[in-house]
Amino acid sequence: MRKKKLIIGNWKMNPKTLALARSNFTSIKKESGTNKNVEAVIAAPFVYLPELSKLSSATLSLGAQNVSAEKEGAFTGEISAGMIASLKTKYVIIGHSERRELGESNEFISRKIKMTLASGMTPVLCVGERERDQGMWYLSAVKTQLEECLAGVAKNAISKIVIAYEPVWAISSTQNHRDASPEDFQEMRIYIRKILSDFVSASVAESVAILYGGSVDEKNAVGFLVAGGADGLLVGKSSLTPKIFLKILKIANEIK
Ligand code: PGA
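Now for a description of the structure that goes with this document. Positions within a chain are numbered from 1, following the residues in the order the chain's sequence is written. Two thresholds apply to this predicted model, a pLDDT of at least 70 for residue-level local features and 80 or more for giving and counting side-chain atom pairs, whereas whole-chain, interface and lining totals are computed over all residues. As a convention, hydrogens and water are excluded, and side-chain values are obtained from all of the structure's heavy atoms.

## So, the site of the ligand
Here is step 1: Each residue is tested against the molecule or strand, and it is near if at least one of its non-hydrogen atoms lies within 4 Å. Taken together, Asn 10, Lys 12, His 96, Glu 166, Ile 171, Ser 172, Gly 214, Ser 215, Val 216, Leu 234, Gly 236 and Lys 237 make up the full set of residues adjacent to the ligand.
Here is step 2: We call two N or O atoms a polar contact when they sit within 3.5 Å, provided that within protein one can donate a hydrogen and the other can accept it, with sequence-adjacent residues counted only if both atoms are side-chain atoms. With respect to the ligand, the backbone of Gly 236 contributes an N or O atom lying 2.9 Å from an oxygen atom.
Here is step 3: Each accessible area is a Shrake-Rupley estimate made with a 1.4 Å probe; only the visible protein chains count as cover when residues are assessed. Taken by itself the ligand offers 280 Å² of open surface, and the protein chains cover 99% of this.
Here is step 4: Among the cavities detected, the one that contains the ligand is the second largest pocket. Both site types are read off a 1 Å grid over the protein atoms alone. A 1.4 Å probe that fits but cannot get out defines a cavity, while an open set with protein on both sides within 12 Å along at least five of seven lines defines a pocket; lining residues have an atom within 4 Å of a point. To qualify as sitting in a cavity or pocket, a molecule needs more than half of its atoms within 2 Å of the grid points.

Structural data, given as structure tokens:
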């Protein structure tokens, strides 16, 4: 288990302007340095990365929200892992449900993971079922995502990957979304570690950070981190208001 909690803000397609991105990033950075037990990251839209990379620091680092599955060449509109890495970007969110919704397959996501690793960055692989069912088929849905996304990834690279469990039904942008509980997360965290353990080894599985994501706010964060045992959080909506994101960082920092 990692010592520092990893708290990643996923800004999605926000904020509206570079000026606002810069000022929000700066506000968070100003206070994030006081949280010694936390690693704070903002995953910003591509177009803001060059400017934010000038502001990023040891206390607030940078992530991207997507990456090309190709290395370089004639791929109009794509952005390579090498380009992203050159902007002091440490993390790349891969396989988010909002991108899977656009048609990204596990095989495609797997190629993105390999590109990200090859560029020295950390992939944050998102997995999560669309629905919970009585028959517990949601467990096998997540298993398939993990196995297919990690297929062909070198076994010694697995410990460099972060897994974010985000049940689609709990994400704030999902229509009629409902809250996941720390117990929902805890069950899945144990299950994900078991899958990783079968895939590589128990000790490697133990070293992989497993985050929770889905409508995290300043009220429920502590539950996922303590009762749920999360190694960190992937925070969407609540990361858009610096004050709220800073509260979440502070909460995570105080957990022993
Ligand atoms: P949310 O988003 O916190 O707004 O639910 C999380 C995510 O989709 O990464």
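## Details of the packing of helix H6 (residues 137-150) against helix H7 (residues 182-199)
Here is step 1: Only the stretch in contact is used when a helix axis is fitted, and all axes are lines through C-alpha atoms; the angle between N-to-C directions ranges over 0 to 180 degrees. Starting at the N terminus, helices and strands are each numbered in turn, a helix being any DSSP run of H or I of at least four residues and a strand any DSSP run of E of at least two. Orientation of H6 relative to H7, taken along the N-to-C sense of each, is 40°, at an axis distance of 11 Å. Between H6 and H7, the angle falls in the class oblique. For the element pair H6 and H7, the recorded crossing hand is right-handed. Packed against H6, whose contacting residues are Tyr 138, Leu 139, Ser 140, Val 142, Lys 143, Leu 146, Glu 147 and Leu 150, the element H7 presents Glu 187, Met 188, Tyr 191, Ile 192, Ile 195, Leu 196 and Phe 199 at the interface.
Here is step 2: Only Asp, Glu, Lys and Arg are considered charged in this grouping, and only Ala, Val, Leu, Ile, Met, Phe, Trp, Tyr, Cys and Pro are considered nonpolar; every other residue, Gly among them, is considered polar. Among the residues making up the contact of H6 with H7, the classes are represented as 11 nonpolar, 1 polar and 3 charged. Here the angle decides the label: under 35 degrees means roughly parallel, over 145 means roughly antiparallel, 65 to 115 means roughly perpendicular, and every other value means oblique. Crossing handedness is defined as follows: a turn of the near helix away from the far one that is anticlockwise and smaller than a right angle gives a left-handed crossing, while the clockwise case is right-handed. We call two residues in contact when some of their heavy atoms are within 4.5 Å.

## Remarks on the sheet that holds strand S1 (residues 5-10)
Here is step 1: Read around the closed barrel, 8 strands run S1-S2-S3-S4-S5-S6-S7-S8, paired in parallel fashion. Each strand axis lies, on average, 25° off the axis of its neighbour in the sheet, ignoring direction.
Here is step 2: Criterion used throughout: strands pair if DSSP finds at least two bridges between them. With 3 bridges joining them, strand S7 (residues 210-213) and strand S8 (residues 232-235) adopt parallel strand pairing. Within the sheet, the bridge partner assigned to Tyr 212 lies in S8 and is Leu 233.
Here is step 3: On the sheet, helix H5 (residues 106-118) packs against strand S4 (89-94) and strand S5 (122-127) and is oriented at approximately 160° with respect to S5.
Here is step 4: Lying on the sheet, H7 is in contact with S5, strand S6 (162-165) and S7; it crosses S7 at an angle near 145°.

## A look at unusual backbone geometry
Here is step 1: Cis rather than trans, the peptide bond between Asn 14 and Pro 15 has omega equal to -15°.
Here is step 2: Here Pro 15 is to be found in the loop between S1 and helix H1 (18-32).
Here is step 3: The backbone phi angle of Lys 88 is positive, close to 55°, even though this residue is not glycine.
Here is step 4: Mapped onto the secondary structure, Lys 88 falls in the loop between helix H3 (81-85) and S4.
Here is step 5: The phi dihedral of Met 136 is positive, around 60°, even though this residue is not glycine.
Here is step 6: With respect to the helices and strands, Met 136 occurs in the loop between S5 and H6.

## Considering the layout of surface pockets
Here is step 1: Looking at the largest pocket, its volume works out to about 430 Å³.
Here is step 2: As for the largest pocket, its lining consists of 21 residues, of which Lys 12, Met 13, Gln 65, Asn 66 and Arg 99 are closest to the centre.
Here is step 3: Residues belonging to the lining of the largest pocket are distributed by class as follows: 10 nonpolar, 7 polar and 4 charged.
Here is step 4: Grid points are joined across faces, edges and corners, and a volume is the space filled by probe spheres set on the points. Approximately 160 Å³ is the volume attributed to the second largest pocket.
Here is step 5: Taken together, 15 residues make up the lining of the second largest pocket; nearest its centre are Ser 172, Gly 214, Ser 215, Val 216 and Lys 237.
Here is step 6: Looking at side-chain class alone, the lining of the second largest pocket contains 4 nonpolar, 8 polar and 3 charged residues.

All we've got here are geometric facts, nothing functional implied.
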